[in-house]
Structure formats: structure tokens, C-alpha cells
Amino acid sequence: MMEKDLSRRAFLGLGATAAVAAGAGLAGCAPQSTPASGGSDAGAGAQGVPPTEYKPDFLTPPPVPTDIAEEKDCDVLVIGMGLAGTAAAKEAAEAGKKVIVLEKQPEDSYAVISMAGDFGVVGSQIQKNLGIEWAPKEDILNEFVKETGGRCDTWMINYWYDHSGEDFDWFIENADYEVLESTAADRKTDKENYIRPKCFPKLETYNYKEELYPYFHGTITTNPNMQWACQAAFNDAVGAGAELIYEAEGEQLIVDESGTVTGAYAKTPNGYLKVNAKATVICCGDYGGNPEMRHYYAPWTEEFAGGVDDGRGQLMGIWAGGWMELGPHAPMTHHMGGSLGVDSFLQLNMEGRRFMNEDVPGQNIADEHTRQPVSKDPEMAAAGVKAWQIFDSKWPEQIIHMPDGHGYTTYFIPDEETDKYATVLSGFGLGYTTKAMVDERTDVICDTLEELAEQTGLPYETMKAEIERYNELCHKGVDEDFGKMAKRMFPVENPPYYACKFGNAGMLVMVGGLECTHNLEVTKNGTNDPIPGLYVAGNSMGRRFLVDYPVVVAGISLGTALTFGRLAGKNAAASV
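Values in this document were obtained by computation on a predicted structure and should not be read as measured data. (Residues numbered from 1 in each chain as written. Predicted model: local features only at pLDDT ≥ 70, side-chain atom pairs only at ≥ 80, totals over all residues. Heavy atoms only, no water.)

Moving on to the overall build of the chain. The helix and strand inventory of the chain stands at 18 helices and 20 strands. Its C-alpha atoms give the chain principal-axis dimensions of roughly 75 × 55 × 40 Å. When contacts within the chain are restricted to residue pairs at least 6 apart in sequence, long-range pairs at least 24 apart make up 74% of them. Accessible surface computed for the chain: about 21300 Å², of which carbon and sulfur atoms make up 48%. Within the chain, the 84 negative side-chain charges are centred at a point lying 3 Å from the centre of the 46 positive side-chain charges. (Helix = DSSP H or I, 4+ residues; strand = E, 2+ residues; numbered from the N terminus. Contact = heavy atoms within 4.5 Å. Areas by Shrake-Rupley, 256 points an atom, 1.4 Å probe, with all protein chains shown as cover. Lys, Arg positive; Asp, Glu negative; His and termini not counted. Charge placed at Lys NZ, Arg CZ, Asp CG, Glu CD.)

In total, this model carries five cavities of 30 Å³ or more according to the counting rule given. Each pocket or cavity is described by its volume, and for the second largest cavity that value is around 80 Å³. As for the second largest cavity, its lining consists of Thr 183, Cys 199, Phe 200, Pro 201, Asp 404, Gly 405, Tyr 408, Thr 410, Tyr 411, Leu 430, Gly 431 and Tyr 432. Class assignment for the residues of the lining of the second largest cavity results in seven nonpolar, four polar and one charged. (1 Å grid on protein atoms, 1.4 Å probe; cavity = no way out; pocket = protein on both sides within 12 Å on 5 of 7 lines; lining within 4 Å. Points joined across faces, edges and corners; volume = space filled by probe spheres on them. Nonpolar A, V, L, I, M, F, W, Y, C, P; charged D, E, K, R; others polar.)

This paragraph deals with the sheet that holds strand E12 (residues 346-349). Sheet architecture is open: four strands sit in the order E12-E13-E17-E16, paired in antiparallel fashion. Bordering the open sheet on either side are E12 and strand E16 (444-446), each of which pairs with just one other strand. Looking at each pair of strands side by side, their axes are set apart by 25° on average, direction ignored. In this sheet, strand E13 (residues 385-391) lies alongside E12 in antiparallel orientation, the contact comprising four bridges. Within E13, the position partnered with Gln 347 by the bridge is Gln 389. Packing of helix H11 (residues 362-369) onto the sheet brings it into contact with E12, E13 and strand E17 (497-503), and relative to E17 it is tilted by some 75°. (Pairing = 2+ DSSP bridges. Axes fitted to C-alpha atoms, helices over the stretch in contact; angles between N-to-C directions.)

Attention shifts here to helix H17 (residues 460-476). With 17 residues, H17 should reach 24 Å at 1.5 Å per residue; the first-to-last C-alpha distance of 24 Å fits that figure. Along H17, the residues that are buried comprise Met 463, Ile 467, Tyr 470, Asn 471, Leu 473 and Cys 474. On an axial view of H17, the arc spanned by its buried residues comes to 160°, and they lie on one face. In H17, those exposed residues whose orientation departs by more than 90 degrees from the buried face are Glu 461 and His 475. (Expected span 1.5 Å × (residues − 1). Buried < 20%, exposed > 50% of the residue type's maximum accessible area, 1.4 Å probe, protein only. Arc of directions from axis to C-beta.)

The four strands lie next to each other as E3-E6-E5-E4, forming an open sheet whose pairing is mixed. What marks the edges here is a single partner per strand, and that holds for strand E3 (118-119) and strand E4 (178-179). Pairing analysis gives two bridges linking E4 to strand E5 (residues 194-197), with the strands arranged parallel. Pairing of Val 179 across the sheet is with Ile 195, part of E5.

In the segment running from Asn 223 into Pro 224, the intervening peptide bond is cis, with an omega of 0°. Turning to its location among the elements, Pro 224 is positioned in the loop between strand E6 (220-223) and helix H8 (227-239). With omega at 5°, the peptide bond leading from Pro 495 into Pro 496 counts as cis. Structurally, Pro 496 can be placed in the loop between H17 and E17. In this structure, Cys 199 is a non-glycine residue whose phi angle is positive, near 50°. Looking at the element boundaries, Cys 199 is found in the loop between E5 and E6. Of note, Val 547 is a non-glycine position whose phi angle comes to about 70°, a positive value. Here Val 547 shows up in the loop between strand E20 (530-536) and helix H18 (556-574).

Looking now at the packing of helix H16 (residues 449-456) against H17. Where H16 meets H17, the closest approach of the two axes is 10 Å, and the angle between their N-to-C directions is 125°. Comparing their axes, H17 and H16 come out oblique. Read as a crossing pair, H16 and H17 show a hand that is right-handed. Of H17, the residues touching H16 (which contributes Leu 449, Glu 450, Leu 452 and Ala 453) are Tyr 460, Met 463, Lys 464 and Ile 467. (Parallel < 35°, antiparallel > 145°, perpendicular 65-115°, else oblique. Left-handed = near helix turned anticlockwise from the far one by under 90°.)

As a further point, take the nonpolar core. Counting residues in each nonpolar core, the largest one holds 120 residues, and the members touching the most others are Leu 102 and Phe 171. Among the elements that line this core, the one with the most residues is H18, at nine residues. Val 444, Leu 452, Met 463 and Val 492 belong to the second largest nonpolar core, which has 22 residues in total. (Core = buried A, V, L, I, M, F, W, Y, C linked by side-chain atoms within 4.5 Å.)

Between helix H4 (residues 83-94) and H8, whose axes approach to 8 Å, the crossing angle comes to 30°. Relative to H8, the element H4 lies roughly parallel. For the pair H4 and H8, the sense of crossing is left-handed. Residues Leu 83, Thr 86, Ala 89, Lys 90, Ala 93 and Glu 94 of H4 form the contact with H8, whose own contacting residues are Cys 230, Ala 233, Phe 234, Asp 236 and Ala 237. Tallied by class, residues from the contact of H4 with H8 come to seven nonpolar, one polar and three charged.

What follows deals with the packing of aromatic side chains. Within this structure, the stated rule accounts for 20 aromatic pairs. On the numbers, 5.7 Å between centres and 75° between planes, the contact of Tyr 54 with Tyr 296 is edge-to-face. Pair noted here: Tyr 54 is in the loop between helix H3 (42-45) and strand E1 (68-79) and Tyr 296 is in helix H9 (residues 291-297), with a separation of 242 residues, a long-range link. Relative accessible area serves as the criterion here: at 16%, Tyr 54 is assigned to the buried category. Exposure remark for Tyr 296: the relative accessible area of 22% places this residue in the partly exposed category. Ring centres of Trp 155 and Tyr 159 lie 5.4 Å apart, and the angle between their planes is 25°; on these two criteria the pair is classed as stacked. Note that Trp 155 and Tyr 159 are positioned in helix H7 (residues 154-171) at a spacing of four residues, about one turn of the helix. Grouped by ring-pair contacts, the aromatic residues Tyr 54, Phe 58, Tyr 287, Tyr 296 and Tyr 297 constitute a single cluster. (Phe/Tyr/Trp six-rings, centres within 6.5 Å; stacked < 30°, edge-to-face > 60°.)

It is worth stressing that arrangement in space is one thing and function is another; only the former is reported here.
Right, here's the structure in full:
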């Protein structure tokens, strides 16, 4: 994936972790703006048709290339040099295998992703040195099972918990970086690269056991992004003998008469490259940028804009005899909120009515917004504005009671103390803010409810009645309407009033992939039998997240991409 020039404001709307997770395994596969077979547009013409009532063109493989310009041989072929592919290549090369990696980007512009960096890993030496202790495994696994509707593969999450820390240490073992001692700590060296613990130390007012959607602490973040970590692992892979071929777009697998995958074809500027391999690992990312696949596998996600990867990895696996995991697939659409993030303040929809328990993470806020009416104002409707977050001048003393975790703002820094927090205040979405920052990022600030209605476009009488009802419940200490926790019920009664637009969340990752074994072998259509010679990792693989993307551990997408990328490389190397 090429780096995208996303503004800070764009990221506030799209959700930073959504962008982060887009780097979980995405490079090396051909873009697809037309149906994969290249034959007709029947798939696109089927919009509005129930997915079970037609067979889309993309399920039909394209013709096998015949104009081969070059041929190479290797033990392990890795398609895609994103995070998962880098881990697979490093592991296989260090096992002494001859490794070839196909990467679609040019060498002079290759990048894994910008702004990505949250690693949800457990038990790394860095975390141990900082004194970070994760919650018990059973608490985290059970929450994952709950939030994915019981459809995630718990074995996979168990494996991640047990191995991700050591995998992270291994991945960056030869990198040069500084480790900050806390989220708010300033840097002490002039090193370009550094690791910051996320939400650490834990907010004293936070107890995950009393939360409807608990957040588990422990994530560490590579800064300024994860590029340097991947570069270090890439250097290790090359040092161990791996060959990386740029501008080589993986297009189709090679399958012999027995059904064994024996390599792949890649399109290059000089013609087709045929790579013969004893084992092949698909690490080509998600399918969020393929509208036909989204309509067929996850039509409920079509309202979300965004998506880059075209699902070519999944398609190559299907064409070779594999199959997509059963859904519902999980779009990563969590919101990053407004000037105070996704803090649990009152929200009113575009009809001026309260519609939810606001004390939920950004992913669930985005889910709630899908049901809300569009604005009658054409400009707001076109911008996808679904609700207004409203709070009053007491916010500096209230945010310490908000949830801890990704997307929340919980620390108010007075003007006289800003010099002590220079590093964290210059970052994005780290939970610390000042009055000037909130004032600058808030869409509406006014002194009366009449002005609030006028500037937000909300119907005054309805809005006023809803705020009065909400204030009544706040003072009563019981949310009789939606069940929000009493300690986060703050009335809107002390002007000036603040209001932030909440638009549709963007979707950068459509999580749903190839069905596979616990050894990361792609399985034959409708069975648990592995396809010989074919492995998968990153966002091309299935079994991780279903129904909804859980935000209980920040950076879980990167953490699992790393761990299963390494496991796929290990098993692929062991098979040859």
C-alpha cells in the first residue's frame, strides 16, 4: 500500500487505529478496480441483489499467464512485504531457507504504512522492564469471545497472548530506539525512533472489571510509526539471505495436478515473473478496497467509505481451492470522536434526540451511528454527520472519570504545566489535552441553548427537552433511559456549551480472510483439510476477528499480524 496523505482532521474522523491496522499485511498484491476475472462487470451490476443469489465474477480465476519473462526458484515464497510478510520472511530466512518476497511497491517509495504503531503484544521484555502487567489471560480471552459474538477462534487469541511478546522482541532485536518510561514522558535522547507505552500508568479511576466494554492495558507504540521496526526486521531477513523483488505484483498461484501450490505468477514492469516455491505464504492484506467482494461477503459495510487493499490475497487462495471464512466479517470502523475523543458525553442525533448509552468505545459508537437519520441540512448530510457530542464548561474536571484506552481523552493539563508535557501534547490521540486544544478542535462553542440549536442545526424544542431530560437523570444518578454508568453522567448546564460533529466512521480495513488451520495452512473449500504448500497470515487470514472488531486491546491487529506472520513463516520453512 502506498502511503496516503491523511490530514490530522481526516484521522479524527476515520479512526487512527483503523489506519494502523491497515498495515497488518497488505503489500505485494495487484490492485483491482475492476472484476478480478477481467471479463465482465456482472459483479458490479449485482449491487442490490442478495449475495446468495448470484456468483460474482471474482470467484472465476483469470487466465494463467503464458508470457513469462523470467523464472526463479526458492524454498519459501512470501507475497506481500507488510508487517505479516516481513515477519514471515525473517523467520523463514533465519531458518536457513531460500526466501523470495514479492512486493508491489517500487523500492524508492516502499513504505509499510504511515502513522501505524500500536502493538498489542503481551510479555515483551520492554513491557517487563517498564513494569507493565497485563490482565489475566482468561479475562482477555473471554472478552474477545464476547465481543466477537463467540465466532473468533479462541485458540488463535490464546496463541497470541502466549507468544506475541517474544515475537515483538525478536522482530525489533536489531533496531535502534529509545523507550519512554510512561505515556506522558518526554524523550531523553535524540534518537529518531522511540517506543511509548500506551495509557501507562493506568488511569487510577479506571477499573476494567466494572466496564461494559473493558480496555486492557499493556500496549506499546512504535514512534513515529512502525516503519523502522519493519525495516529492522527486513534487514535481518535480507542479511539471512532473503531476496526482495520490488514492483512485483502477486497475481495468481501455481497449482499442480495434485492440488499442491508450487509458487506464483507476479506482474512486473518487464513482464510476468514465475516463482517456483516449495511453500508459499499469502500476506496481502484485507479486501476493504474491493466493492464487489464487500457486497458479496459483507454488504452491511457498504455505507462505510474507505478501504485500500483489493483482496487479491484472498482471491488467489480461493482460486487455488481455498475458501473465505464464514462471517459475519468484521469491519474496522471505530470512531476517534471530536475534541475530547470518544469520551462518554451526551450525544444527540440530527433530530435532536438522545439515542444511546454514550459510554462505549469508538467501534460501538460507529455501530450506533449506522441507524441514525441523516441531517436535513444538505451539507451535513453530504458530510455524513450523524450526531453531535455535547458537553459544557465543566469538562476539565470531568474527563478524569472517563474510560481509559484508545480514543479517550482523560487528562487536562493547565496552561502553566504545558511545558512539562511537550512530547505527549504534540502527539495524536494520547489522552492529554489543554483548554486551547479543545477550543481549537471544537466545532461549536456558545453561551445559550438557542445558539447551540442554531449553530448545530438541531431543532430547538426537541434538543432542549432532551438536554433537560438528560440533566434530570444526571442529577438523579440513574440513567433510566439508556443505562449509562452514573459516574459518567454529567449535566449540560454550565455555559459555554461545546458541540462536536460525529460523522460516519471511515473503514480502512475489512477483517475477513481465508479459512486456515492452526498451522496457518489455507484449507480446501468447505473442509479443514490443508492445501499443500499454501500458508496465510495478516489481514488475508481468517479466524481472528468476526462480527465486530474488538477494541479491548489497542493494536491487536498489528500484534496478531506479527505473531501469525512469524508462525506462518516458521511452518512454511519447516515444511520444506
